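Overview (structure and organization)
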Amino acid sequence: MSLEAIRYRRGSLSVLNQLLLPGQLRYEPVATVARAWEAIRAMEVRGAPAIALVGCLSLAVELATQPPEGDVEALEEFVGQRLDFLVTARPTAVNLRHEAQRLRHFTRQQAQSPGTSAHALRESIIQHIEELLEQDRAQNRQLGAHGAGHILQRVPDGPVTLLTHCNTGTLATAGYGTALGIVRALHAQGRLQRVFCTETRPYNQGGRLTAFELLHDRIPVTLIADSAAAAAMRERGVQAVVVGADRVAANGDTANKIGTYQLALAARHHGVPFYVAAPSSSCDLTLPSGSHIPIEERPAAELTHIQGCCLAPQAGIEVWNPAFDVTPHELITGGIVTELGVFDPRELRRAL
């Protein structure tokens, strides 16, 4: 059975509840925008591309099953209100905001077409949203091919050993993945030796999700503690670090899961190329640098507990739990990999 983070057909959406993995494989229905907001906020679904898809698809489901009454103007207002609400679910990942902006623009254009009815506008919006699924899969495969080719130029002979952080695969996208898309492309070519994946505290996306989906696809993977990453670079032959991103600023600074910054520092010390894999929809050229990226802070219980088990003093302990950190562009020594190609961080603005 293939893994899917998102299951959709016209009028029906369900998401794999990633809080329950790897112990339980359960899909939760998402019948409304409000339910999608809850699923995104609670991290039942996560990963910047998947967040954008689930948010937009939930709107498509509402439009198909609970269409608002009124004319074209009322429908346009309804869509705008729903999108404004969705983008508040998580602040750091920019993909949902970008897709919301595109959808607003599309809706405005269609609404201004002569003779457009509310029914025709609703159908065109639903179709536009549905096309995002295949677009995401295609972009991921393009990104994976670009990244694999660039890494193989650096490692021309023999299989490659990589290290990755958090989860950037099928479970974070419509399918295939971003950083794990590069892993899959190398594996398909017979050029992957092994992937080291960090546990990714505090929510353990690497241990619960990345290890799970790579084992499912029979890709050689070794799970390590976050604190073992530098040692793995020195002692286990890591030839490249490949991570994802939730937002990339115009100068190439990137926000990704907390712990990415220290991996980049360790990679620089060991002379290991450091790659960031992100679709162009994750690039926010309105922000001049990473210092302008809003960093979400999560509840203390995510750090003090794992699946209900207390790991820290239950009272009196102060907790700082940022969900992301920013990696300065000068530490991204391999490049930023998009569906358009691999770019030096300083070239990103011109390339996009």
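Only a predicted model underlies this, so the values are computations on that prediction, with no experimental measurement involved.

**With respect to the overall build of the protein chain**
Within the protein chain, the regular secondary structure consists of 11 helices and 16 strands. For the protein chain, whose C-alpha radius of gyration is 20 Å, the value lies close to the compact-globule estimate of 20 Å for 352 residues. C-alpha atoms of the protein chain, sized along the principal axes, occupy 65 × 50 × 40 Å. Out of the 352 residues in the protein chain, the part that is buried amounts to 55%. In the protein chain, the share of contacts with a sequence separation of at least 24, taken over all contacts with a separation of at least 6, comes to 77%. Total accessible area computed for the protein chain in this model is approximately 14800 Å², and 51% of it derives from carbon and sulfur atoms. For the protein chain, the distance from the average site of its 32 positive side-chain charges to the average site of its 35 negative ones is 5 Å.

**Things to note about the packing of helix α3 (residues 72–86) against helix α4 (residues 95–111)**
At a minimum axis distance of 10 Å, the contact between α3 and α4 shows a crossing angle of 175 degrees. Classed by the angle they form, the pair α3 and α4 counts as roughly antiparallel. In this structure, α3 uses Val-72, Glu-76, Val-79, Gly-80, Leu-83, Asp-84 and Leu-86 to contact α4, whose residues at the interface are Leu-96, Ala-100, Leu-103, Arg-104, Thr-107, Arg-108 and Ala-111. Here the residues of the contact of α3 with α4 are counted per class, giving 8 nonpolar, 2 polar and 4 charged.

**Some thoughts on empty space enclosed by the protein**
A full pass over the atoms with the stated rule returns 2 cavities of 30 Å³ or more. Considering the residues around the largest cavity, the lining is formed by 23 residues, among which Arg-46, Gly-47, Ala-48, Asn-167 and Asp-246 are closest to the centre. Sorting the residues of the lining of the largest cavity by element identifies α2 (48–65) and β9 (254–257) as the ones contributing at least two each. A breakdown of the residues in the lining of the largest cavity according to their chemical character gives 10 nonpolar, 9 polar and 4 charged. For the lining of the largest cavity, the two domains that each supply at least three residues are domain 1 (6–136) and domain 2 (156–350). In this structure, the second largest cavity encloses a volume near 60 Å³.

**Thoughts on the sheet that holds strand β3 (residues 27–29)**
Note on sheets: strands pair through backbone hydrogen bonds, and any given pair is parallel or antiparallel. The strand order β1-β2-β3 describes an open sheet built from 3 strands, whose pairing is antiparallel. Sheet topology places β1 (6–9) and β3 at the edges, where each strand pairs with a single neighbour. Shown here is a sheet whose adjacent strand axes are inclined to one another by a mean of 20 degrees, direction ignored. Across 4 bridges, β1 lies against strand β2 (residues 12–16) in antiparallel orientation. By the bridge assignment for β2, Tyr-8 is matched with Leu-13.

**Description of α3**
Since the α-helix advances by 3.6 residues per turn, residues separated by three or four positions end up pointing in the same direction. Between the first and last C-alpha of α3 there are 21 Å, a value that for 15 residues agrees with the 21 Å anticipated at 1.5 Å per step. Residues of α3 that are buried: Val-72, Leu-75, Glu-76, Phe-78, Val-79, Gly-80, Leu-83 and Leu-86. The elements touched by buried residues of α3 are α1 (33–41), α2, α4 and α5 (118–154). Two or three places before Glu-73, at the start of α3, stands the capping residue Asp-71, its side-chain oxygen 3.3 Å from that residue's backbone nitrogen.

**A few points about the domain arrangement of the protein chain**
How big an interface is tends to be stated in terms of accessible area lost as the parts join. In terms of domains, the protein chain is made up of domain 1 (6–136) and domain 2 (156–350). Here the C-alpha centroids of domain 1 and domain 2 sit 26 Å apart. Listed as interface residues are 28 residues of domain 1 and, on the opposing side, 32 residues of domain 2. Both sides of the domain 1 and domain 2 interface together cover about 2300 Å² of buried area, and 50% of this is carbon and sulfur. On inspection of domain 1 and its partner domain 2, the count reaches 3 salt bridges. Linking domain 1 to domain 2 there are 18 residue pairs in polar contact (both at pLDDT 80 or more).

**Observations regarding the nonpolar core**
By size, the foremost hydrophobic cluster in this structure holds 41 residues, and its most contacted members are Ile-6, Tyr-8, Leu-13, Leu-57, Leu-59, Ile-125 and Ile-129. Of all the secondary-structure elements, those providing two or more residues to this core are β1, β2, α1, α2, α3, α4 and α5. The element that contributes the greatest number of residues to this core is α2, accounting for 11 residues. Beyond its immediate stretch of four places on either side in the chain, Tyr-8 contacts Leu-13, Leu-57, Ala-60, Val-61, Ile-126, Glu-130 and Leu-133. Ala-179, Leu-192, Ile-219 and Val-242 belong to the second largest nonpolar core, which has 26 residues in total.

**A closer look at the packing of α5 against helix α6 (residues 179–188)**
Look at α5 against α6: their axes get within 7 Å of each other, and the N-to-C directions meet at 65 degrees. Of the possible angle classes, the one that applies to α5 and α6 is roughly perpendicular. α6 is crossed by α5, and the crossing has right-handed handedness. Together, Leu-143, Gly-144, Ala-145, Gly-147, Ala-148, Ile-151 and Leu-152 of α5 and Gly-181, Ile-182, Ala-185 and Leu-186 of α6 make up the contact between the two elements.

**Some details on the pattern of salt bridges**
Tallying each qualifying case throughout the model produces 21 salt bridges. With its nearest N and O atoms 2.9 Å apart, the salt bridge here joins Arg-90 to Glu-296. Residue Arg-90 is found in the loop between α3 and α4, and its partner Glu-296 is found in the loop between β11 (283–284) and α10 (301–304); the two are separated by 206 residues along the sequence. An identical accessibility class is assigned to Arg-90 and Glu-296; each is buried. One salt bridge in this structure joins Asp-284 and Arg-247, with 3.0 Å as the shortest N-O distance. Taken together, the residues Asp-284 in strand β11 and Arg-247 in strand β8 (residues 247–249) connect sequence positions 37 residues apart. For the pair Asp-284 and Arg-247, a shared accessibility class is recorded, and that class is buried. When salt bridges with common partners are traced through the structure, they connect Arg-41, Arg-90, Glu-296, Arg-298 and Glu-302 into a single cluster.

Basis of the calculations
- Residues numbered from 1 in each chain as written.
- Predicted model: local features only at pLDDT ≥ 70, side-chain atom pairs only at ≥ 80, totals over all residues.
- Heavy atoms only, no water.
- Helix = DSSP H or I, 4+ residues; strand = E, 2+ residues; numbered from the N terminus.
- Rg over C-alpha atoms; globule rule 2.2 N^0.38 Å.
- Buried < 20%, exposed > 50% of the residue type's maximum accessible area, 1.4 Å probe, protein only.
- Contact = heavy atoms within 4.5 Å.
- Areas by Shrake-Rupley, 256 points an atom, 1.4 Å probe, with all protein chains shown as cover.
- Lys, Arg positive; Asp, Glu negative; His and termini not counted.
- Charge placed at Lys NZ, Arg CZ, Asp CG, Glu CD.
- Axes fitted to C-alpha atoms, helices over the stretch in contact; angles between N-to-C directions.
- Parallel < 35°, antiparallel > 145°, perpendicular 65-115°, else oblique.
- Nonpolar A, V, L, I, M, F, W, Y, C, P; charged D, E, K, R; others polar.
- 1 Å grid on protein atoms, 1.4 Å probe; cavity = no way out; pocket = protein on both sides within 12 Å on 5 of 7 lines; lining within 4 Å.
- Points joined across faces, edges and corners; volume = space filled by probe spheres on them.
- Domains from an automatic or database assignment.
- Pairing = 2+ DSSP bridges.
- Expected span 1.5 Å × (residues − 1).
- Polar contact = N/O pair within 3.5 Å; in protein donor to acceptor, adjacent residues only side chain to side chain.
- Buried area = accessible area lost by both parts, 1.4 Å probe.
- Salt bridge = Lys/Arg side-chain N within 4 Å of Asp/Glu carboxyl O.
- Core = buried A, V, L, I, M, F, W, Y, C linked by side-chain atoms within 4.5 Å.
- Left-handed = near helix turned anticlockwise from the far one by under 90°.

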